[in-house]
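One letter stands for each residue in the lines below.
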Amino acid sequence: MLPNDRNIILIGYRGTGKTSVGRELARRLNRPFHDTDVLVEAREGRSIRDMVDQEGWAFFREREKAALRSLETIHRCVVATGGGAVLDPENAGVLKAMGWIVLLTAEEGILVRRMRNDPASHGQRPSFSAKDTAELSEQDAIRETTEILTQRMPIYRRLADLVIDTSSATLEEIVEEILCRFSLNGSKEAAASDGSGSRGG
Ligand SMILES: Nc1ncnc2c1ncn2[C@@H]1O[C@H](COP(=O)(O)OP(=O)(O)O)[C@@H](O)[C@H]1O
Ligand SMILES: O=C(O)C1=C[C@@H](OP(=O)(O)O)[C@@H](O)[C@H](O)C1
Ligand SMILES: [Mg+2]
């Protein structure tokens, strides 16, 4: 498979833009787009919030893992993962094998504000704590986000081939950066694989 035939996989915390960037990136590349949250909700016929409220987080994580497994053999696609998908080491291995991994990051306060302003949060982002997200003060939500990011960032960074801070970037700028780096990366890989990169000046 040519390097640029690889899948592009988006990882990162809730609200970093994986779904929005992934959808636009797929459009620009004219490639299929898969969002694991959407796959899980479609298969279960209910929202993530209902799944978690009625069955618990473990139920959702099992369905998320199955959704990821169903994507294992795809090529030339763009995949947006849910922010917690990488926590399962088997999922991390599947993602690493699936393609080129882009980690999206943003400052905690920006993430909290984006999620509070996102209508999709109610159904797709149930609280990790006992209190409902909407009941948390902004400060408590920032504190919760900071705590969870402290645990997750090492996992995210270990998997990432490219890291983009989205805190003050527009969707367009992020997509352009990924397209540019994907094409550069692809030509480097192609050169390395056919040896043309070794003929230095
Ligand atoms: N770069 C950005 N600048 C401003 N708002 C953004 C940006 N990326 C995403 N958003 C907004 O943040 C919210 C969450 O985006 P989403 O793509 O669902 O993120 P994720 O899939 O990582 O949770 C949405 O309301 C989206 O419009
Ligand atoms: O970070 C997480 O554990 C989660 C992130 C969400 O997806 P987004 O990252 O697309 O919001 C969704 O999978 C669920 O609420 C769990
Ligand atoms: Mg998403």
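Residues numbered from 1 in each chain as written. Chains lettered and ligands numbered in written order. Predicted model: local features only at pLDDT ≥ 70, side-chain atom pairs only at ≥ 80, totals over all residues. Heavy atoms only, no water.

Student: Please give an account of the overall build of the protein chain that cites residues and values.
Tutor: Helix and strand counts for the protein chain stand at 9 helices and 5 strands. Ordered by position from N to C terminus, the α and β elements of the protein chain give β-α-β-α-α-α-β-α-β-α-α-α-β-α. Against the globule reference of 17 Å for 201 residues, the protein chain gives a C-alpha radius of gyration of 18 Å, in line with a compact fold. Seen through its C-alpha atoms, the protein chain measures out along the principal axes to roughly 60 × 35 × 30 Å. Counting the 201 residues in the protein chain, one finds 46% classified as buried. (Helix = DSSP H or I, 4+ residues; strand = E, 2+ residues; numbered from the N terminus. Rg over C-alpha atoms; globule rule 2.2 N^0.38 Å. Buried < 20%, exposed > 50% of the residue type's maximum accessible area, 1.4 Å probe, protein only.)

Student: How would you explain the pairing of strand S4 (residues 99–105) if you had to name every residue and give the values?
Tutor: Regular strands show a simple pattern: their side chains alternate between the two faces of the sheet. Of all 7 residues that make up S4, 7 are buried, and the element is covered over most of its length. Across 6 bridges, strand S1 (residues 7–12) lies against S4 in parallel orientation. The residue bridging Leu10 from the neighbouring strand is Val102, located in S4. Of the pairings in the sheet, the one linking S4 to strand S5 (residues 162–165) comprises 4 bridges and is parallel in character. Bridge pairing links Val102 to Leu162 in S5. (Pairing = 2+ DSSP bridges.)

Student: Residue-level account of the packing of aromatic side chains, with values.
Tutor: Following the criterion strictly, the structure yields 3 aromatic pairs and no others. Summarising the aromatic geometry, the rings of Trp57 and Phe60 are spaced 5.9 Å apart at their centres and angled 75° between planes, so their arrangement reads as edge-to-face. One end of the pair, Trp57, and the other, Phe60, are both in helix H4 (residues 57–69), 3 residues apart, so they sit about a helical turn from each other. Aromatic rings pair up to connect Trp57, Phe60 and Phe128 into one cluster. Taking the ring centre of Phe59 as reference, the NZ or CZ of Arg63 above it sits at 3.6 Å. (Phe/Tyr/Trp six-rings, centres within 6.5 Å; stacked < 30°, edge-to-face > 60°. Lys NZ or Arg CZ within 6 Å of the ring centre and 35° of its normal.)

Student: Tell me about the sheet that holds S5, and please be specific about residues and values.
Tutor: What the 5 strands build is an open sheet, ordered S2-S3-S1-S4-S5; its pairing is parallel. Looking at the sheet topology across the chains shown, the edges are occupied by strand S2 (33–35) and S5. The average angle at which neighbouring strand axes cross in this sheet is 20°, direction not considered. Lying on the sheet, helix H1 (residues 18–29) is in contact with S1, S2, strand S3 (78–80) and S4; it crosses S1 at an angle near 165°. Its contacts with the sheet put helix H2 (residues 36–44) on S2 and S3, and the angle it makes with S2 is roughly 70°. (Axes fitted to C-alpha atoms, helices over the stretch in contact; angles between N-to-C directions. Contact = heavy atoms within 4.5 Å.)

Student: Got a sec to walk through the site of ligand 1? Specific residues and values, please.
Tutor: In the vicinity of ligand 1 there are 14 residues, among which Gly15, Lys18, Ser20, Arg125 and Ala169 approach most closely. For ligand 1, an oxygen atom lies 3.4 Å from a polar atom in the backbone of Thr16. Arg125 places a side-chain nitrogen or oxygen 2.8 Å from an oxygen atom of ligand 1. If you tally residues by element for the shell around ligand 1, the top one is H1, at 3 residues. Here the residues of the shell around ligand 1 are counted per class, giving 3 nonpolar, 6 polar and 5 charged. (Near = heavy atom within 4 Å. Polar contact = N/O pair within 3.5 Å; in protein donor to acceptor, adjacent residues only side chain to side chain. Nonpolar A, V, L, I, M, F, W, Y, C, P; charged D, E, K, R; others polar.)

Student: Account for the packing of helix H3 (residues 48–55) against H4, with residues named and values stated.
Tutor: One can describe the packing of H3 onto H4 by two numbers: an axis separation of 7 Å at closest approach and a directional angle of 130°. Accordingly, the angle class assigned to the pair H3 and H4 is oblique. Facing Ile48, Met51, Val52 and Glu55 of H3, the residues of H4 in contact are Trp57, Phe59 and Phe60. Tallied by class, residues from the contact of H3 with H4 come to 6 nonpolar, no polar and 1 charged. (Parallel < 35°, antiparallel > 145°, perpendicular 65-115°, else oblique.)

Student: Pulling in residues and values, what's your account of the pattern of salt bridges?
Tutor: Counted under the stated rule, the structure contains 18 salt bridges. Residues Glu176 and Arg28 are paired through a salt bridge, measuring 2.7 Å at the closest nitrogen-oxygen approach. Taken as a pair, Glu176 in helix H9 (residues 171–194) and Arg28 in helix H1 lie far apart in primary sequence, 148 residues in all. Take Glu176: its relative accessible area is 36%, and that puts it in the partly exposed class. In this structure Arg28 comes out as partly exposed when scored by relative accessible area, which is 34%. (Salt bridge = Lys/Arg side-chain N within 4 Å of Asp/Glu carboxyl O.)

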